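Architecture at a glance
Listed below are the residues making up each chain.
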Amino acid sequence: MLDRLQALADRYEKLSELLCDPDVTSDTKKLREFSKEQSDLQEAYDAYVEYKDVLEQLDAAKAMQAEKLDDEMRDLVKMEIEELSGRKDELEERLTVLMLPKDPNDDKNVIVEIRGAAGGDEAALFAGDLYRMYSKYADAQGWRTEVLEANLNDLGGFKEIIFMINGKGAYSKMKYESGAHRVQRIPVTESGGRIHTSTSTVGVMPEMEEIDIEIKDSDIRVDTFCSSGAGGQSVNTTKSAVRVLHVPTGIMATCQDGKSQNDNKAKALQVLRARIYDVKRQEEEAKYAGERKSKVGTGDRSERIRTYNFPQSRVTDHRIGLTLHKLDTILNGDMGEIVNALTMTAQAELLEKGEQ
C-alpha cells in the first residue's frame with residue numbers, strides 16, 4: 001500500500017506543476033480535468049503527508065528514548081511515543097479505506113425518483129414523507145434540491161416525484177437509498193384505527209452529463225403538451241410540458257415544472273440520461289449475478305430495504321440489521337447514522353474482497 005500511496009503523492013505533486021503550466025491554464029478542458037483529478041486525490045494525499053510526518057517523529061522519539069535521559073524526560077518521551085503510535089494506527093486505518101476502489105460517480109449530483117407503490121393514497125402520502133426526509137437531509141449537508149417533476153394526489157401526497165440534489169458527494173451518501181421503503185402506521189384515511197402496511201419505491205441515479213451519456217437528436221422524439229396538476233386537471237393553456245422518448249431503448253422522461261418549454265426539455269434530458277445510465281448499470285450487474293451479493297444491495301427498486309414502524313417509533317434497515325428507535329428524527333432528515341452504517345458495511349465488504 002505504501003508504494004501505491006507514494007505513486008499517488010507523486011501524481012498529486014505532478015498535477016500541482018501542471019496546473020501552473022500556461023499550456024494547461026489556457027486550455028479549459030485540461031484545466032478542469034487536472035483540477036478534478038487533484039481534488040479527488042487531495043484527502044488521501046493530505047493523510048499520507050501526515051502519516052510520513054508521524055513516522056519521522058516516531059523514529060526521532062524512539063532514537064531519543066535510547067539515549068540517557070532523566071526520569072522526567074523519559075516519561076515525556078514515552079508519552080509522546082504512545083500518542084504518535086496511536087495516531088499512526090489511526091492514519092493507517094484511514095489510508096486503507098481511502099485507497100479502496102472508488103465509485104467514479106460518488107462526487108456527482110443525484111436524481112431521485114420516489115413513487116407511491118402498494119397502498120394507494122397512503123403510499124402516496126408516505127412518498128411525500130420520504131421526499132421531505134431527503135430534502136431536510138440535503139439541507140443539513142449544505143446541498144440544494146430542485147424538483148424536476150411532481151404528480152400530486154388529492155391528499156397532498158405524491159404519486160411520483162422526481163428531484164435533483166446538487167452537492168459534492170451527494171451520490172456517495174444517497175446511493176444506498178434505492179429500493180422499496182415500507183411504512184407501518186394507521187393511515188389518515190383509516191376510520192377503524194387499524195395499522196396498514198404500504199410501500200413507496202426510491203430510485204437514486206447519478207446525474208450524467210452529455211459527455212457521459214451521448215444522446216443523438218435522431219434517437220429522440222420530443223412531444224409537448226399542457227401541464228397538469230393534481231387529479232390531471234390542466235393548469236395552463238400553453239404547451240410548456242415536455243415528454244422525451246429515447247427511441248432505441250424506449251426509455252421516457254417527462255417534465256412540466258420548469259419555467260419554459262426549453263427549461264422543461266433540458267430537465268427531461270437530464271432525467272433521460274440518468275435513466276439510460278441506470279438501465280445500463282443494472283444490465284452490467286446482472287452479468288455478475290452469480291457472484292456473492294453485496295449486503296447493501298444492487299440498487300434494484302423492487303428490493304425491500306427499510307421499514308418505518310410508527311407505533312413503535314422504529315426504523316429498521318433490513319440489509320444490515322440496523323434498528324433505531326427514533327423514527328421522528330430520521331424522518332426529519334437526521335439520516336447520518338443510517339448512511340454511515342451502510343457506508344461502513346460497503347467499505348468492510350471491499351476490504352474483505354481485497355483480502356481474499
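Above this text you will find the structure in question.
Residues numbered from 1 in each chain as written. Predicted model: local features only at pLDDT ≥ 70, side-chain atom pairs only at ≥ 80, totals over all residues. Heavy atoms only, no water.

Quick notes on the overall build of the chain
For clarity, the threshold we go by: For the purposes of this entry, the term helix denotes a DSSP run of H or I that reaches at least four residues, the term strand denotes a run of E that reaches at least two, and both are numbered from the N terminus. The buried label goes to any residue with under 20% of its type's maximum accessible area, the exposed label to any with over 50%, and the partly exposed label to all in between, with areas taken from a 1.4 Å probe on protein chains only. Contacts: residue pairs with any heavy atoms within 4.5 Å of one another. Here the open area of atoms and residues is found with the Shrake-Rupley method and a 1.4 Å probe, where only the protein chains shown may cover a residue. Under the convention used here, Asp and Glu are negative, Lys and Arg are positive, and both His and the chain ends fall outside the count. Throughout, a charge is located at the NZ atom of Lys, the CZ atom of Arg, the CG atom of Asp or the CD atom of Glu.
Secondary structure summary: the chain contains 9 helices and 11 strands in total. Summarising its shape, the C-alpha atoms of the chain cover approximately 90 × 60 × 40 Å along the three principal directions. Considering the chain as a whole, with its 356 residues, one finds that 42% of them fall into the buried category. Excluding contacts between residues fewer than 6 apart, the proportion of contacts in the chain whose partners are at least 24 apart in sequence is 61%. With the model as given, the accessible surface of the chain reaches about 19500 Å², and the carbon-plus-sulfur share is 49%. Looking at charge distribution, the chain has the averaged site of its 50 positive side-chain charges lying 7 Å from that of its 66 negative ones.

Regarding the sheet that holds strand E8 (residues 251-255)
Put simply, the test is: Strand pairing is assigned whenever DSSP detects at least two bridges linking the two strands. Inter-axis angles, ranging from 0 to 180 degrees, are taken between N-to-C directions of lines fitted to C-alpha atoms, where helices are fitted over the stretch in contact.
Pairing within the open sheet is antiparallel, and its 3 strands lie in the order E6-E7-E8. On the outer flanks of this sheet lie strand E6 (220-225) and E8, each paired with one strand and no other. Neighbour to neighbour, the strand axes of the sheet diverge by 15 degrees on average, direction disregarded. Pairing between E6 and strand E7 (residues 241-246): 6 bridges, direction antiparallel.

Quick notes on the pattern of salt bridges
Inclusion rule: Salt-bridge detection follows one rule: a side-chain nitrogen of Lys or Arg within 4 Å of a carboxyl oxygen of Asp or Glu.
Scanning the model with the defined rule gives 26 salt bridges in all. Linking Arg 221 and Asp 223 is a salt bridge whose minimum nitrogen-to-oxygen distance equals 3.4 Å. With relative accessibility at 25%, the residue Asp 223 sits in the partly exposed group. The closest approach of N and O atoms between Asp 278 and Arg 281, which form a salt bridge, is 2.8 Å. Within this pair, Asp 278 and its partner Arg 281 are both found in helix H7 (residues 261-287), separated by 3 residues, close to a single helical turn. The residues Asp 278 and Arg 281 share a single accessibility class, namely buried. One continuous salt-bridge network, built from bridges that share partners, spans Glu 113, Arg 115, Glu 160 and Arg 275.

Regarding the packing of aromatic side chains
A ring pair, where both rings are aromatic, is described by two values, the distance of the centres and the angle of the planes. For clarity, the threshold we go by: Each pair of aromatic rings taken from Phe, Tyr and Trp, with Trp reduced to its six-membered ring, is defined by centres within 6.5 Å and is described as stacked if the planes are under 30 degrees apart, edge-to-face if over 60, and tilted in the remaining cases. Two conditions define a charge sitting above a ring: the NZ of Lys or the CZ of Arg must be within 6 Å of the ring centre, and it must be within 35 degrees of the ring normal.
Scanning all chains against the criterion turns up 5 aromatic pairs. Ring plane angle 80 degrees and centroid distance 5.7 Å describe the contact between Tyr 131 and Phe 158, whose orientation is recorded as edge-to-face. Remark: Phe 158 occurs in strand E3 (residues 158-166) and Tyr 131 occurs in helix H5 (residues 121-141); sequence separation between them is 27 residues. Neither residue differs from the other here; Tyr 131 and Phe 158 are each classed as buried. Considering the side-chain rings of Tyr 131 and Phe 163, the 4.9 Å spacing of their centres and the 75 degrees angle between planes classify their relative orientation as edge-to-face. Here the residue Tyr 131 occupies a position in helix H5, and Phe 163 occupies one in strand E3, the gap between them amounting to 32 residues. Take Tyr 131 and Phe 163: they sit in the same class, and that class is buried. Site record: aromatic cluster; members linked through ring pairs are Tyr 131, Phe 158 and Phe 163. We note Arg 185 situated over the ring of Phe 310; from NZ or CZ to the ring centre the distance is 4.8 Å.

Shape descriptors only; they carry no functional weight alone.
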